[in-house]
Amino acid sequence: MSALESQAPLGLGYLADDYMQQEEDWDRDLLLDPAWEKQQRKTFTAWCNSHLRKAGTQIENIEEDFRNGLKLMLLLEVISGERGRGRRGRGVPAGVPPPPPHPSPVPAAGERLPKPDKGKMRFHKIANVNKALDFIASKGVKLVSIGAEEIVDGNLKMTLGMIWTIILRFAIQDISVEETSAKEGLLLWCQRKTAPYRNVNVQNFHISWKDGLALCALIHRHRPDLIDYAKLRKDDPIGNLNTAFEVAEKYLDIPKMLDAEDIVNTPKPDEKAIMTYVSCFYHAFAGAEQAETAANRICKVLAVNQENEKLMEEYEKLASELLEWIRRTVPWLENRAPETSMAAMQRKLEDFRDYRRVHKPPRVQEKCQLEINFNTLQTKLRLSNRPAFMPSEGKMVSDIANAWKGLEQVEKGYEEWLLTEIRRLQRLDHLAEKFKHKATLHESWTRGKEDMLSQRDYETASLTEVRALLRRHEAFESDLAAHQDRVEQIAAIAQELNELDYHDAATVNARCQAICDQWDTLGTLTQKRRDALERTEKLLETIDQLHLEFAKRAAPFNNWMDGAVEDLQDMFIVHSVEEIQNLITAHEQFKATLPEADRERMAIVGIHGEIQKIAQTYGIKLSGANPYTALTHLDITSKWEAVKQLVPRRDQTLQEELSRQQSNERLRRQFAAQANIIGPWIQTKMEELGRVSVDASSSLEDQMSRLKQHEQNIINYKSNIDKLEGDHQLIQEALVFDNRHTNYTMEHIRVGWEQLLTTVARTINEVENQILTRDAKGISQEQMNEFRASFNHFDRKRNGMMDPDDFRACLISMGYDLGEVEFARIMMLVDPNNAGVVTFQAFIDFMTRETAETDTAEQVMASFKILAGDKNYITVEELRRELPAEQAEYCVSRMAKYTGADAVPGALDYVSFSNALYGESDL
């Protein structure tokens, strides 16, 4: 059966319209050009004789020989019987569906024309013609204005109209290409067959055929051995037409129905005559169409397999590359070897930022594309009735997802470790500098103190001098006690450096131990000297009260100034505006005490002045230094000037730090302002995508258009994410680790953004698969909307899935009569992994699986059998002759040898090959 014959014919309503239009044009045709009558008479006569000769008779005069109805009934019997036998005789290969029944009322297969009346009277003739006309009418043909009396009376116009009606019904009606009418179908067939030929442009059934090239092209297209088309000339129409007529009659059993001269010399040849003659070529070459259809079916199936194999190879390659990248990256992120300097840790942080900005984003796209490719491949395999794709071990989508999850867990831990280490090293650097500063001050203070305490000067001193030494020693003890806090601070800092694993802790510990040991020695020496002085104190009675008062007041004041100098030079580290403002407040409080301190300074200096005044007044010769203290009024004044100079420096340092913290606060607010917009925007887009994916009120194309628009908006929004990344980098470079102005971290934004990109890509892929399913299964948009509306109604959790109970309710609402066994069978189809849910794709597959027309192994086998000439095997030569080169070589390289009893050298087994296309195999 040919490809055209296998298509469902149009309803007879279209044919009836053709008949009515032809009848309306009949009078005008014959009146306008008598040449048409001549062409129709010759063509219709030859056409009738091509069938009547099979019954051993013919006609000479078309309007005379049908008058008694006998040859007319014989013609109908031959045509109708031949048509039925022809369909049964050509046979329908196994697996190829028979053509659908004609929608018009057609007599049963066993119905025959009634026996003709044998009489020769006029009423016998009318009866026979009426029987013929009734038979034609029983085939669903409306006979407009054609009566038996006109035929019996030899009315040429009516007789030609009746024959044309018979030709339309039995020779042209079934010619339908792409659901066109019979005439348009035949014209489209001619156009397709002659399209490659030069000087041929078939647009109608009259002037397009005048030069004869179209007829020669039809013959050459199917039998190139009969005509050398390259030698034909457009300026030789009679030669071309006669060549076509002679070859057709001699080799194709198509009688000559036209005269070349009549066609060439008629401005517009008769359309009906041309159609009748051309339809004979269509039927003559119908067998070739059968092989072409079979070859097209095979090529389509092979193309599906080749494309699927390519997609499988691409998936395997992409999966391997992504897993290898993860395998290489994870050890780098797991390396937590600490560094000893901030610069080294900053380099590690910058490497991690490059990984986040440069190296990871392409891999995120690859992972998303891999999932999309996998889903698309599985959809194509399912729609083409192929087994599901099972990736190599360890390369499942779930394996890649697990590997990716592990990567992100390690990545998060690595970032937290980096920031923790940077904070630790920053703290260590600060503490180390503070330790060195305090230790240097202390060591400077203790320099020479052991020698001083070890002196035995009191043994030769006078009583006054001893008492002076004792008071001086008391002042030293006061100073020593004041320095106890500094020693404790030094020890505490050293302990903290040890706890924080400072890289040069050994040096710190050694210096701290030396300070502590020296401090213990000073304490012992101090106690020994006190004991010695107290033993000799009884010998000393005179003391200068003013010197003593100076010493007592100067020493604490000097110690206060030492503390003030130390505090004013003390380094600090803060992380917020509030903390630096607290230091500024404390500094302002300190400055508020300066007037009182200045009064104390003036009082101490006044004591010295009073001493000088008394000495001058009473002519006392001072020995020089104050016997009770090494401090002088110049020392106090000098140190006081130092304090006054350090105060504005401290002001400037605090203000600079305030500016830095305010800058950090601006960075926090700047980041927070964007993050508080971007975070909700991402969430809103996720919700919009969710609404689009369940929208059943619009077509899939509309839904795809909206999703593409969302995708473009998301892509356009990427610049905001990049700007936020830049702000985040500035924050990290400023060593800002907290932000109270937003709940969104850069990690939250990154995760949300990657999830949004993945969701829009997956949603687009799901809709593409739905469109692919709809088109492949022949589902109308209305059906698809109905399926989506039903699914959405019973998707009670609005998560794109139905529970088994909701799925049962959905099926019942759609008219399914479900028992427990039947429902269990259906659940096995829609939920093969026993996940306990039914996805929309599984629901669509189920709704279309029962009625969808898909290629099967049996259909492919039947197509190969046609190409093989009904043999059980096929040869390499036949494959290369009937199929395109790529598909032919695909079959040759994969087909097994045929081993049947009727095998010949080089025979190939197309049966096992066809089965392998639809089952588990290495194809």
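Just so it is clear, the model here is predicted, and its values are computed rather than measured.

### Some points on the overall build of the protein chain
Okay, so step 1: When helices and strands are counted, the protein chain shows 33 helices and four strands.
Okay, so step 2: Within the protein chain, residue pairs in contact and separated by at least 24 positions form 77% of the contacts whose partners lie at least 6 positions apart.

### Examining the pattern of salt bridges
Okay, so step 1: Taken as a whole and judged by the stated rule, the model has 61 salt bridges.
Okay, so step 2: Among the salt bridges present, the one from Asp235 reaches Arg233, with a minimum N-O distance of 2.9 Å.
Okay, so step 3: According to the relative accessible area criterion, Asp235 is exposed, its value standing at 59%.
Okay, so step 4: A relative accessible area of 48% means that Arg233 is categorised as partly exposed.
Okay, so step 5: The salt bridge involving Arg356 is made with Glu747; its shortest N-O contact spans 2.6 Å. One end of the pair, Arg356, is in helix H14 (residues 342-383); the other, Glu747, is in helix H25 (residues 746-777), and 391 residues separate them in sequence.
Okay, so step 6: What you see here is one network of salt bridges that share partners, running through Arg356, Lys360, Glu408, Glu411, Glu415, Glu725, Glu747, Arg750 and Glu754.

### As for the nonpolar core
Okay, so step 1: Core analysis: the biggest nonpolar cluster contains 79 residues, and Ile166, Trp209 and Phe281 have the highest contact counts within it.
Okay, so step 2: In terms of residue count, helix H7 (residues 156-172) provides more of this core than any other element does, twelve residues in total.
Okay, so step 3: Excluding anything up to four places from it in sequence, Ile166 contacts Trp47, Leu72, Leu76, Ile79, Ile136 and Ala171.
Okay, so step 4: Ranked by size, the runner-up nonpolar core spans 46 residues in total, among them Leu700, Leu724, Met802 and Ala842.

### Side note on the state of the cysteines
Okay, so step 1: Counted under the stated rule, the structure contains zero disulfides.
Okay, so step 2: For the unlinked cysteine Cys299, the closest cysteine sulfur is that of Cys891, found at 7.9 Å.
Okay, so step 3: With a relative accessible area of 14%, Cys299 lands in the buried category.

### Some points on helix H23 (residues 700-716)
Okay, so step 1: The end-to-end C-alpha separation of H23 is 24 Å, in line with the 24 Å expected for 17 residues at 1.5 Å each.
Okay, so step 2: Within the span of H23, buried status applies to Leu700, Gln703, Met704, Leu707, His710 and Ile714. The buried side chains of H23 occupy one side of the element, clustering within an arc of 120 degrees when seen end-on.

### Description of the packing of helix H19 (residues 545-569) against helix H22 (residues 633-693)
Okay, so step 1: Relative orientation of the contacting elements H19 and H22 amounts to 25 degrees, with a least axis distance of 10 Å. It follows from the interaxial angle that H19 and H22 lie roughly parallel. As H19 packs across H22, the resulting crossing turns out to be left-handed. Taking contact as the criterion, the partners of Phe550, Ala554, Phe557, Asn558, Trp560, Met561, Asp562, Ala564, Val565, Asp567, Leu568 and Gln569 in H19 are, on H22, His633, Ile636, Lys639, Trp640, Val643, Leu646, Val647 and Arg650.
Okay, so step 2: Class assignment for the residues of the contact of H19 with H22 results in 13 nonpolar, three polar and four charged.

### A look at the packing of H23 against helix H26 (residues 781-794)
Okay, so step 1: Where H23 contacts H26, the axes come no closer than 10 Å and their chain directions differ by 70 degrees. In this view, H23 runs roughly perpendicular relative to H26, as classed from their interaxial angle. Residues Leu700, Glu701 and Gln703 of H23 form the contact with H26, whose participating residues are Gln781, Met784 and Arg788.
Okay, so step 2: In terms of residue class, the contact of H23 with H26 is made up of two nonpolar, two polar and two charged.

### Regarding the side chain of Gln674
Okay, so step 1: Summarising the element assignment, Gln674 is placed in helix H22.
Okay, so step 2: Filtering out sequence-adjacent residues up to four positions away, Gln674 remains in contact with Asn720, Lys723, Leu724 and Asp727.

Basis of the calculations
Residues numbered from 1 in each chain as written. Predicted model: local features only at pLDDT ≥ 70, side-chain atom pairs only at ≥ 80, totals over all residues. Heavy atoms only, no water. Helix = DSSP H or I, 4+ residues; strand = E, 2+ residues; numbered from the N terminus. Contact = heavy atoms within 4.5 Å. Salt bridge = Lys/Arg side-chain N within 4 Å of Asp/Glu carboxyl O. Buried < 20%, exposed > 50% of the residue type's maximum accessible area, 1.4 Å probe, protein only. Core = buried A, V, L, I, M, F, W, Y, C linked by side-chain atoms within 4.5 Å. Disulfide = S-S within 2.5 Å. Expected span 1.5 Å × (residues − 1). Arc of directions from axis to C-beta. Axes fitted to C-alpha atoms, helices over the stretch in contact; angles between N-to-C directions. Parallel < 35°, antiparallel > 145°, perpendicular 65-115°, else oblique. Left-handed = near helix turned anticlockwise from the far one by under 90°. Nonpolar A, V, L, I, M, F, W, Y, C, P; charged D, E, K, R; others polar.

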